[in-house]
Amino acid sequence: MSCLSHASPPADTDTQQPKVAEDSSTKQGDVIPVDAELAKAIMSRRFHPSAIGPETWEGYIFSDLEIRIKESTDLYGAVLWPSAMVLCHFLETNQDKYNLEHKNVIELGAGTGLVTIVSSLLGAKVTSTDLPDVLGNLQYNVTRNTKGRCKYIPLVTELIWGQNVAERFPRATHCFDYILAADVVYAHPYLDELMDTFDYLCQDSTQILWAMRFRLDPENSFVDRFQQRFNLEELYDLPSLSIKLYRAWRKIKRTKEAAA
C-alpha cells in the first residue's frame, strides 16, 4: 500500500531520549540515541541534481553508493517520504545487530523503492510489494539502482493488503526474516487489512521494522491495536520529523495447559 503525507516536517525540537513502548521486553541500553543530530544526519543523505535534466529525480547516499529515485507527484506511492530515509539509515548503521545479508525480507508499501534498494545493497533477498499502479515506477527505480550491485535481484510484485495474501505468500514456502514498512499507517480506509497482513506475514521468527510518521489520531489508535498482537520496541523517536521507528515481533500465545 502506498505512502501518504500532506505536511512538511516541522522544525527541529529539543533532543529527547528514546523510549520503549509498553509491552516491550527491551533491556536498558539497547535503544538508540536520537533526535536533532540524528535527524540531521539522516536528512543529509539526500541530495538534488546539480543541473535540471529531462527526468526528475532525487539522490540519496547509502552504502557509499549514489541512489537515484524517480518520483511521480500524481501518485502518493511514487513520492518518497522521510520515514523511508529513517528506516534506511537505521538498517545501514545497525548492521551488527540487524544484519540483512542472505535474509529473506519483504517490504510492504514499497512506494518509490528506496528501502527495497538499500536492503538489497545490504545483501538481503527482498520481495518488494505495493499496489498495481505503483509497480511500474517501483520496478524502474529498483532495477536502475540494484542492477550489477546486489547479490540477489529484488522481486517487485503486487500486494493488496488483506486480499489473497495467503495464496500469494503461502507460509510453507514464504518465511520472512524481516518485514519492512515505512509510512504505511495514515488516515486511509485499509488499516484493518494492513493489520491482518502484518499478522499473516509475521511468523514466530520474523521481526518487523516499521517507520511511522504521526499525523492524526488513527495512527495512535493503530499502534494501540498493534500492541494487542505484537511486542513493540521503540528504536528511534524523532519529534523534529514527527517519526518513530519500531521493532516488533509476534507475541507468544499461551496454551490453556501452559496458563493453568
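Residues numbered from 1 in each chain as written. Predicted model: local features only at pLDDT ≥ 70, side-chain atom pairs only at ≥ 80, totals over all residues. Heavy atoms only, no water.

### A few points about the sheet that holds strand 2 (residues 57-62)
Okay, step 1: Spatially, 1-2-3 is the arrangement adopted by the 3 strands of the open sheet, whose pairing is antiparallel. Either end of the sheet is taken by a strand with one partner, and the two such strands are strand 1 (46-47) and strand 3 (65-70).
Okay, step 2: Two elements, strand 1 and strand 2, share 2 bridges in a ladder whose sense is antiparallel. Paired with R46 across the two strands is Y60, which belongs to strand 2. (Pairing = 2+ DSSP bridges. Helix = DSSP H or I, 4+ residues; strand = E, 2+ residues; numbered from the N terminus.)

### Section: the confidence of the model for the protein
Okay, step 1: This prediction gives the protein a mean pLDDT of 83; 78% of its residues lie at or above 70.
Okay, step 2: In this model, residues 1-29 is a region of pLDDT below 50 whose contacts with residues beyond four sequence positions or in other chains number 83 contacts.
Okay, step 3: Low confidence marks residues 255-260, where pLDDT is under 50. Its contacts with residues over four positions away, or in another chain, come to 1 contact. (pLDDT = per-residue confidence, 0-100. Contact = heavy atoms within 4.5 Å.)

### Considerations on the pairing of strand 9 (residues 230-238)
Okay, step 1: Of all the 9 residues making up strand 9, 9 are buried; the element is thus mostly covered by neighbouring parts of the structure.
Okay, step 2: Where strand 9 hands over to strand 10 (residues 243-250), the hairpin turn is made up of 4 residues, of which S242 adopts a positive phi near 60°. (Buried < 20%, exposed > 50% of the residue type's maximum accessible area, 1.4 Å probe, protein only.)

### Overview of unusual backbone geometry
Okay, step 1: Phi is positive for D64, close to 60°, though the residue is something other than glycine.
Okay, step 2: On the secondary structure map, D64 appears in the loop between strand 2 and strand 3.
Okay, step 3: Relative accessible area serves as the criterion here: at 76%, D64 is assigned to the exposed category.
Okay, step 4: Phi is positive for D183, which is not a glycine, with a value near 60°.
Okay, step 5: Checked against the element boundaries, D183 lands in the loop between strand 7 (178-182) and helix 6 (191-201).
Okay, step 6: Using a relative accessible area of 1% as the deciding quantity, one classes D183 as buried.

### Things to note about the environment of S240
Okay, step 1: Structurally, the position occupied by S240 is in the loop between strand 9 and strand 10.
Okay, step 2: In sequence terms S240 and D35 are 205 residues apart; their C-alpha atoms lie 6.8 Å from each other.

### What to know about the pattern of salt bridges
Okay, step 1: Under the defined criterion, the tally for this structure stands at 9 salt bridges.
Okay, step 2: For the salt bridge of D192 with R225, the shortest nitrogen-to-oxygen distance reads 3.2 Å. Residue D192 is located in helix 6, and its partner R225 is located in helix 7 (residues 217-226); the two are separated by 33 residues in the primary sequence.
Okay, step 3: Within the structure, one salt-bridge network assembled from shared partners comprises D196, D199, R229 and R250. (Salt bridge = Lys/Arg side-chain N within 4 Å of Asp/Glu carboxyl O.)

### Some thoughts on the packing of helix 2 (residues 82-93) against helix 3 (residues 114-121)
Okay, step 1: Viewed as axis vectors pointing N to C, helix 2 and helix 3 meet at an angle of 10°, and their least axial separation amounts to 9 Å. If you check the angle between helix 2 and helix 3, you find them roughly parallel. Contact residues: A84, M85, L87, C88 and L91 in helix 2; L114, V115, V118 and S119 in helix 3.
Okay, step 2: Taken together, the residues of the contact of helix 2 with helix 3 break down into 8 nonpolar, 1 polar and no charged. (Axes fitted to C-alpha atoms, helices over the stretch in contact; angles between N-to-C directions. Parallel < 35°, antiparallel > 145°, perpendicular 65-115°, else oblique. Nonpolar A, V, L, I, M, F, W, Y, C, P; charged D, E, K, R; others polar.)

### Focus: the sheet that holds strand 7
Okay, step 1: As summarised here, the arrangement of the 7 strands in space is 6-5-4-7-8-10-9, forming an open sheet in which the pairing is mixed. Edge strands, defined here as strands with exactly one partner in the open sheet, are strand 6 (155-158) and strand 9. Within the sheet, the average angular offset between the axes of one strand and its neighbour, ignoring direction, is 20°.
Okay, step 2: As paired strands, strand 9 and strand 10 are joined by 8 bridges and run antiparallel to one another. Along strand 10, the bridge assignment pairs E233 with R247.
Okay, step 3: Of the strands in this sheet, strand 4 (104-108), strand 7, strand 8 (207-213), strand 9 and strand 10 touch helix 6, which is tilted by about 175° from strand 4.

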